[in-house]
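Overview (structure and organization)
Read off the chains here:
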2 protein chains.
Amino acid sequence: MVVVGAGPGGEVAAGRLAEAGLSVAIVEADLVGGECSFYACMPSKSLLRPGALLTEARRVPGVREAVTGQLDVPAVLRHRDEVINNLDDGGQVPWLVERGVKLFRGWGRLDGDKRVVVGDEVLEARRAVILAGGTTPTIPAIDGLAEANPWTNREATTAKEIPASLIVIGGGVVGAEMTQAYASFGTRVTLVEGEHRLLSREEEFACVQVTESLTEQGVDIRTGQTAKSVRRDGDQVSVTLADGSTVTADRVLVAAGRTPQSAGLGLDTDGYVQVDDRMRVPGKDWLYVIGDLNGRALFTHMAKYQAAIAATDILGGDMVEKHLADGPGSPRVIFTEPQVAAVGYTAAAAEKAGLKVRVVDVGTEANAGGAFTGTSRGTCRFVLDEDKGVLVGATFVGTEVADFLQAATIAVVGEVPLHRLRHAIPSFPTRSEIWLYLFNSLGI
Amino acid sequence: MVVVGAGPGGEVAAGRLAEAGLSVAIVEADLVGGECSFYACMPSKSLLRPGALLTEARRVPGVREAVTGQLDVPAVLRHRDEVINNLDDGGQVPWLVERGVKLFRGWGRLDGDKRVVVGDEVLEARRAVILAGGTTPTIPAIDGLAEANPWTNREATTAKEIPASLIVIGGGVVGAEMTQAYASFGTRVTLVEGEHRLLSREEEFACVQVTESLTEQGVDIRTGQTAKSVRRDGDQVSVTLADGSTVTADRVLVAAGRTPQSAGLGLDTDGYVQVDDRMRVPGKDWLYVIGDLNGRALFTHMAKYQAAIAATDILGGDMVEKHLADGPGSPRVIFTEPQVAAVGYTAAAAEKAGLKVRVVDVGTEANAGGAFTGTSRGTCRFVLDEDKGVLVGATFVGTEVADFLQAATIAVVGEVPLHRLRHAIPSFPTRSEIWLYLFNSLGI
């Protein structure tokens, strides 16, 4: 086996196959552990949680009085540095070594069937090749942007100094999360988004509630505004928007989507690589593509999931199952304050898919458990398929709702009939009583 | 309809039946809203969460530096007073009134078929009577205890002043939670438990982890020790234990179980009232008993669940379903720090029930999401029925795990086959990846 790319997907695939007794080589041109471990999920959450926790501490009577100081940003950054091990992948390599996976450092390129070239080395796979090359930040063709030395997620998540002001181009997940993090550090953030709202794939109320919260935190949100040109002037960067206005800041962060890292891999595409449900490239039964590179669901957890599917297939098993918590319906959490956690269809997506939909909305804190958090912001939405009588989607917005999601994911994947689901009684007084509200709304 | 007892169960039953068009009377001798709203779940959580939140704030780098003060106990008590509305049920009554439920204040007593006497009034039910009388704290027959004017949950949850020292008799849920609350207020707490461990119905590791944590917080835990005698001496109370040692404190709290409030109801028992799965008393098709009083599961959420079952039955429907998240397997959360949340069987209970059990344990924080909490304490256990290939129980111990429970409850109630459950992918990096560990352990 040859695995190209040692991000979370590649690591899981290599580990599983090696544990099953196969001889596995893994190829990595950058850090073992991938974008996620060093420049994305992990550092971003280490930057985000302290601010969220402090916000909640300041809201709750009895605790707020104990909080007299400010977020200690240098301490947050030090902890971030621990989480990313100072950009040293020495903590990640042993996991592979212990499993007998052989690591080749360098750029891996397909060079014929089952053959991967890394520098001067040629790796010949007997069984299969898995490509897990991931994505890189997209730098859109905005006049002057590339020349202005913009930050991407990499610089934003690993910064050693906090700019006084920051312009964020793009209001998707990365843009919203980095806006949240830097706002909590005291940076003046201007968020520019071409669409008319942030987080455009999620329920509109999620966008509204995150937008309200960021605005209250002092963020200047400019939606429906594309950046037309960018100019660097010494230490300052200016961005001119479509309406002619100009914003100036110390830094500009580009968070305008991801580009698959397929060019230079020896494929006949430089876009996302199409695969079947077993993660195989059609017509090449020895070639699998997992993770961001196949464009199915750009999430670490789904890369790991696809790794398991591919590895199982290679080992002669079959773990392919159709369900709604995959692809665009994949479970997802946006770690803003409030957080947004969603799985399956949004109401709009379900309707677009032709489902007969019933929607139940409830305030996240509108139950007994909500009396003990310090906020009243947040809505939960359950999306039901009325014909099948099952949950097909859910969105949770609120403080610390990330771990609310697994319940909905299990209900969606398990296709638990609502008349049965109704017997899953949330404990009183937990905020999980949002589920009880669902049952009561349905009169079941 | 006549409903006797306006705690959460009685309220839900009365509300449902009134909404369905029935003429409903509800009888309450104490506060509308019941023990839960004023003397149990609600005030106890308002006393517990601030301490838990402050503890977490002190553990997380960047936040801990902002926390220079102590828990503001008077502020906690003021918020508690808001939560319990200063022991005024005026906030609860409108919910009933809006639904057309007629409230009778006084002690309701059965006086023949379908007849309830309240003081001078006689209420004749046409359809049925529901008894929802709840429980009161048990005062065990310990020499001198009753005379020593002990606290029960009522005084502990509503105290206006915090004693410097407290002896808690009983290490079940109430004892453990009140020990936790008062320890967080700075009270020197001695916890006396006759069994050899606390929380004896839960997994042993849960007991161990809560015991370790309380001990670190300065609690003096005396397990395997029964209280033999209690003496009041002015402002101080002394408790002599079975080993001859004596503990002295400002207050003594009795948390030694509950006694059903069945005496004086006109029943032929003063114990728990046996009911069938529809909550009916066998042989009396007009008499339903719900909540604590039937002894099936002494939890507010299960009282409300039973209320729905009884109301549905009275209205000619049927919502009885057999599942494992009921009775002794009911979902349950203990709001200590760490919290304990459990559903279905413990490993021991599953084995005792004759199931072929597989157990998977994982550290609650032993995943990427755990890097962002400030603790490493806590274990999660999944209990699987190997013959059926489903989850039959789960226990979560850790900081803020209360809302982890609903996922397990849905899996247990939904009997989602493990090979299907495996596709419910937790979002990275959330602590819900404990589920991924489960799947990986099973090699699926």
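Residues numbered from 1 in each chain as written. Chains lettered and ligands numbered in written order. Predicted model: local features only at pLDDT ≥ 70, side-chain atom pairs only at ≥ 80, totals over all residues. Heavy atoms only, no water.

- Identification of chain A as Oxidoreductase from Paractinoplanes ferrugineus is taken from an unreviewed UniProt entry.

Overview of the sheet that holds strand S9 (residues 165-169) of chain B
Residue and element names in this part refer to chain B.
- One open sheet accounts for 4 strands, arranged S11-S10-S9-S15; its pairing is parallel. With one partner strand each, in any of the chains shown, strand S11 (220-223) and strand S15 (251-254) form the two edges of the open sheet. Averaged over all adjacent pairs, the angle separating strand axes in this sheet is 15°, with direction ignored.
- In this sheet, strand S10 (residues 188-193) lies alongside S9 in parallel orientation, the contact comprising 5 bridges. Residue pairing in the sheet places Leu166 in a bridge with Val189 of S10.
- Of the strands in this sheet, S9, S10 and S15 are in contact with helix H7 (residues 173-184), which crosses S10 at around 165°. (Pairing = 2+ DSSP bridges. Helix = DSSP H or I, 4+ residues; strand = E, 2+ residues; numbered from the N terminus. Axes fitted to C-alpha atoms, helices over the stretch in contact; angles between N-to-C directions. Contact = heavy atoms within 4.5 Å.)

Some remarks on the interface of chain A and chain B
- On the chain B side, the residues contacting the 78 residues of chain A number 78 residues.
- Buried surface at the junction of chain A and chain B, both sides included, amounts to about 6500 Å², of which 65% is carbon and sulfur.
- Inspection of the region where chain A meets chain B yields 8 salt bridges.
- Among the ionic pairs, A:Glu56 bridges to B:Arg49, the shortest N-O distance being 2.5 Å.
- Applying the counting rule to chain A against chain B returns 37 residue pairs in polar contact (both at pLDDT 80 or more).
- Among the elements of the structure, helix H3 (41-59), helix H4 (73-83), helix H9 (300-314), strand S19 (332-334), helix H11 (405-414), helix H12 (418-421) and helix H13 (434-442) of chain A are those that each provide at least two residues to the side of chain A that touches chain B.
- When residues of the side of chain A that touches chain B are assigned to their parent elements, the largest contribution, 10 residues, is made by H3(A).
- Residue composition of the side of chain A that touches chain B, by class: 43 nonpolar, 19 polar and 16 charged. (Buried area = accessible area lost by both parts, 1.4 Å probe. Salt bridge = Lys/Arg side-chain N within 4 Å of Asp/Glu carboxyl O. Polar contact = N/O pair within 3.5 Å; in protein donor to acceptor, adjacent residues only side chain to side chain. Nonpolar A, V, L, I, M, F, W, Y, C, P; charged D, E, K, R; others polar.)

Digging into unusual backbone geometry
Residues and elements named next belong to chain A.
- Cis peptide bonds are those with omega within 30 degrees of zero, and the linkage from Phe428 to Pro429 qualifies with -5°.
- Summarising the element assignment, Pro429 is placed in the loop between H12 and H13.
- For Asn85, which is not glycine, the phi torsion reads 50° and is therefore positive.
- Mapped onto the elements of the fold, Asn85 is located in the loop between H4 and helix H5 (93-98).
- According to the relative accessible area criterion, Asn85 is partly exposed, its value standing at 35%. (Buried < 20%, exposed > 50% of the residue type's maximum accessible area, 1.4 Å probe, protein only.)

Side note on the sheet that holds strand S22 (residues 379-385) of chain A
Residues and elements named next belong to chain A.
- Read from one edge of the open sheet, 5 strands run S19-S20-S23-S22-S21, paired in antiparallel fashion. In this open sheet, the two edge strands, each paired with only one partner strand, are S19 and strand S21 (357-363). Here the strands of the sheet are splayed against their neighbours by 15° on average, with no regard to which way each runs.
- Two elements, S21 and S22, share 7 bridges in a ladder whose sense is antiparallel. Its bridge partner being in S22, Val357 is matched across the sheet by Asp385.
- In the packing of H13 onto the sheet, contacts are made with S21, S22 and strand S23 (390-398), and the angle to S21 comes to roughly 135°.

Focus: the packing of helix H1 (residues 8-19) of chain A against H9(A)
All names here are of chain A.
- Following both chains from N to C, one finds H1 and H9 inclined at 30°, their axes separated by 8 Å at the closest point. With respect to H9, the axis of H1 lies roughly parallel. Note that H1 runs across H9; the crossing there is right-handed. Across from Pro8, Gly9, Val12, Ala13, Arg16 and Leu17 in H1, the residues of H9 making contact are Thr300, Ala303, Lys304, Ala307, Ala308, Ala311, Thr312 and Ile314.
- Here the residues of the contact of H1 with H9 are counted per class, giving 9 nonpolar, 3 polar and 2 charged. (Parallel < 35°, antiparallel > 145°, perpendicular 65-115°, else oblique. Left-handed = near helix turned anticlockwise from the far one by under 90°.)

Describing the domain arrangement of chain A
All names here are of chain A.
- The assigned domain composition of chain A is domain 1 (2-137 + 259-314), domain 2 (146-256) and domain 3 (327-442).
- In total, about 1400 Å² of surface goes out of reach between domain 1 and domain 2, with carbon and sulfur atoms giving 59% of it.
- Summed over the three residues of domain 1 that lose the most area to domain 2, namely Tyr39, Leu47 and Leu48, the buried surface amounts to 35% of that side.
- Here domain 1 is connected to domain 2 by 4 salt bridges.
- Arg154 is the salt-bridge partner of Glu35, the closest N and O atoms lying 2.8 Å from each other.
- There are 9 residue pairs in polar contact (both at pLDDT 80 or more) connecting domain 1 and domain 2.
- Among the secondary structure elements, those contributing two or more residues to the side of domain 1 that touches domain 2 are helix H2 (34-39), H3 and H4. (Domains from an automatic or database assignment.)

Let's talk about the pattern of salt bridges
- Counting across every chain of the model gives 58 salt bridges over all chains.
- Between A:Lys160 and A:Asp81 there is a salt bridge whose closest N-O contact spans 3.0 Å. In this pair, A:Lys160 sits in the loop between helix H6 (153-158) and strand S9 (165-169) while A:Asp81 sits in helix H4, placing the two residues 79 residues apart along the sequence.
- A relative accessible area of 12% places A:Asp81 in the buried class.
- With its nearest N and O atoms 3.4 Å apart, the salt bridge here joins B:Glu35 to B:Arg258. Residue B:Glu35 is found in helix H2 (residues 34-39), and its partner B:Arg258 is found in strand S16 (residues 258-260); the two are separated by 223 residues along the sequence.
- B:Arg258 gets classed as partly exposed once you look at its relative accessible area, which sits at 23%.

Examining the pairing of strand S13 (residues 236-241) of chain B
Residues and elements named next belong to chain B.
- Judged by which residues are buried, S13 turns out to be one-sided: Val237, Val239 and Leu241 face inward and are buried, whereas Gln236, Ser238 and Thr240, on the alternate face, are not.
- The antiparallel pairing of strand S12 (residues 227-233) with S13 creates a hairpin that spans 2 residues between the two strands, and Gly234 there sits at a positive phi of about 65°.
- Pairing of S13 with strand S14 (residues 246-249), which is carried by 4 bridges, proceeds in the antiparallel orientation. Residue pairing across strands places Ser238 opposite Thr248, the latter belonging to S14.
- Hairpin connection between S13 and S14: a loop of 4 residues separates the two successive antiparallel strands, and Gly244 in this loop has a positive phi of roughly 90°.

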